[in-house]
Amino acid sequence: MAPELWPDDELTRLANRYCSDKGTTYNCAHGYTRVYQALLAPLREAPLRMLEIGLVHGQVQAERPQDIDQLACPSLRMWSDYLPRAEIHGLDIVDFSRFSNERARVWQADQGNRGELDAVAAKVGSKFDIIIDDGSHASHHQQISLAILFRHLADGGLYIVEDLHYQPAGLELPNITLTRDFLRGLPERRPGMRLALDQADYAYLVEHVQSIRFFDSISPRWPLAVTADALAVIRKTGHHPVIPAGY
């Protein structure tokens, strides 16, 4: 069973308080906060610009819609507390704009629609320092979002994809390479993959991805063999004024 907390892990406490499954007690309880804590603790006072895709857990939407207004957007509440100087944006295919506030702006867009993603980025007006994809988890959606939004990521920024071990049966396309396999093969330009990218998208990623690191989910819902490499942290090439080069 996963521990509720790690020592001095304020981010896990916030995730558990706000019922985000990035923590250790709610829904899938992935424990990703241990990774985010290590990445972001030195950057807590930095004026970061963050975007997260996917704002309300699908199980809550399907089974407990009456709880949505009380829970609001759990991870945006978590980021707002943990990163007091950050400019926080959220994006979802469902209209959750009623949860926008002085700390977080919520946009409605389909992460599988290139034009809608570009439109949101244009409205924000500046590049993001950190982008987190916790959206539909369908491989083609993840790949389209990466192709479009990686261009809107600042040099040296971080693009993070969650839940690479899970693809929803109703959305996943059988002829598309799993995003986890795509990211594993990207550094060596592994051939034979069928992607929701065009050649220009692929070439841009090859040129601008500096590194990809994988981390496990500790969710008790799946065996460890399944949840290995469930979260990918992709570093963009170039110098970032705040995020250290070693990330």
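In the block above lies the structure referred to throughout.
Analysis parameters
Residues numbered from 1 in each chain as written. Predicted model: local features only at pLDDT ≥ 70, side-chain atom pairs only at ≥ 80, totals over all residues. Heavy atoms only, no water. Pairing = 2+ DSSP bridges. Helix = DSSP H or I, 4+ residues; strand = E, 2+ residues; numbered from the N terminus. Axes fitted to C-alpha atoms, helices over the stretch in contact; angles between N-to-C directions. Contact = heavy atoms within 4.5 Å. Parallel < 35°, antiparallel > 145°, perpendicular 65-115°, else oblique. Left-handed = near helix turned anticlockwise from the far one by under 90°. Nonpolar A, V, L, I, M, F, W, Y, C, P; charged D, E, K, R; others polar. Buried < 20%, exposed > 50% of the residue type's maximum accessible area, 1.4 Å probe, protein only. Polar contact = N/O pair within 3.5 Å; in protein donor to acceptor, adjacent residues only side chain to side chain. Salt bridge = Lys/Arg side-chain N within 4 Å of Asp/Glu carboxyl O.

Considering the sheet that holds strand β4 (residues 128–133)
One open sheet accounts for 7 strands, arranged β3-β2-β1-β4-β5-β7-β6; its pairing is mixed. In the strand order of this sheet, the two ends are held by β3 (104–108) and β6 (209–215), each with one partner. Each strand of the sheet is rotated relative to its neighbour by a mean of 15°, with strand direction disregarded. Pairing geometry for β6 and strand β7 (residues 231–236), over 6 bridges, is antiparallel. When the bridges of β7 are listed, Phe215 appears paired with Leu231. Each of β1 (49–53), β2 (87–92), β3 and β4 touches helix α6 (residues 114–124); the most contacted strand, β2, lies at about 160° to it. Across the sheet, helix α7 (residues 139–149) lies against β1, β4, β5 (153–161) and β7, angled at about 170° from β5, the strand it touches most.

Things to note about the packing of α6 against α7
Running from N to C, α6 and α7 cross one another at 40°; their axes reach a closest spacing of 10 Å. Compared by their axis directions, α6 and α7 come out oblique. In terms of crossing hand, the pair formed by α6 and α7 is right-handed. Facing Arg114, Leu117 and Asp118 of α6, the residues of α7 in contact are Ile144, Ser145, Ile148 and Leu149. Residues that form the contact of α6 with α7 fall into these classes: 4 nonpolar, 1 polar and 2 charged.

Examining the side chain of Thr227
Note that Thr227 resides in helix α10 (residues 224–227). Residues within four places of Thr227 in sequence aside, it is in contact with His165, Arg180, Asp216, Ser217 and Trp222.

A few points about helix α5 (residues 74–82)
Owing to its 3.6 residues per turn, the α-helix brings residues three or four apart onto one side. In terms of residue burial, α5 counts as a mostly covered element, since 7 of its 9 residues are buried. Taken as a whole, α5 has its buried residues at Pro74, Ser75, Leu76, Met78, Trp79, Ser80 and Tyr82.

Some details on the environment of Gln111
In this fold, Gln111 is placed in the loop between β3 and α6. Note on Gln111: relative accessible area 6%, which makes it buried. Sequence separation of Gln111 and Asp92 is 19 residues, and the distance between their C-alpha atoms is 7.6 Å. Dropping the residues within four chain positions of it, Gln111 is found in contact with Ile53, Leu117, Asp133, Gly135, Ser136, His137, His141, Gln142, Ile144 and Ser145. Here the side chain of Gln111 touches Asp133 through a polar contact of 3.3 Å, side chain to side chain. From its side chain, Gln111 meets the backbone nitrogen of Ser136 in a polar contact 2.8 Å long.

Notes on the pattern of salt bridges
For the structure shown, the criterion picks out 10 salt bridges. As a salt-bridge pair, Glu52 and Lys22 come within 2.5 Å of each other at their nearest N and O atoms. Of this pair, Glu52 sits in strand β1 while Lys22 sits in the loop between α1 (10–18) and α2 (33–40), and the two are 30 residues apart along the sequence. Of the charged contacts in the structure, one is a salt bridge between Arg114 and Asp201, with a shortest N-O distance of 2.7 Å. Of this pair, Arg114 sits in helix α6 while Asp201 sits in helix α9 (residues 199–208), and the two are 87 residues apart along the sequence. Take Arg114: its relative accessible area is 29%, and that puts it in the partly exposed class. Judged by relative accessible area, which is 4%, Asp201 ranks as buried.

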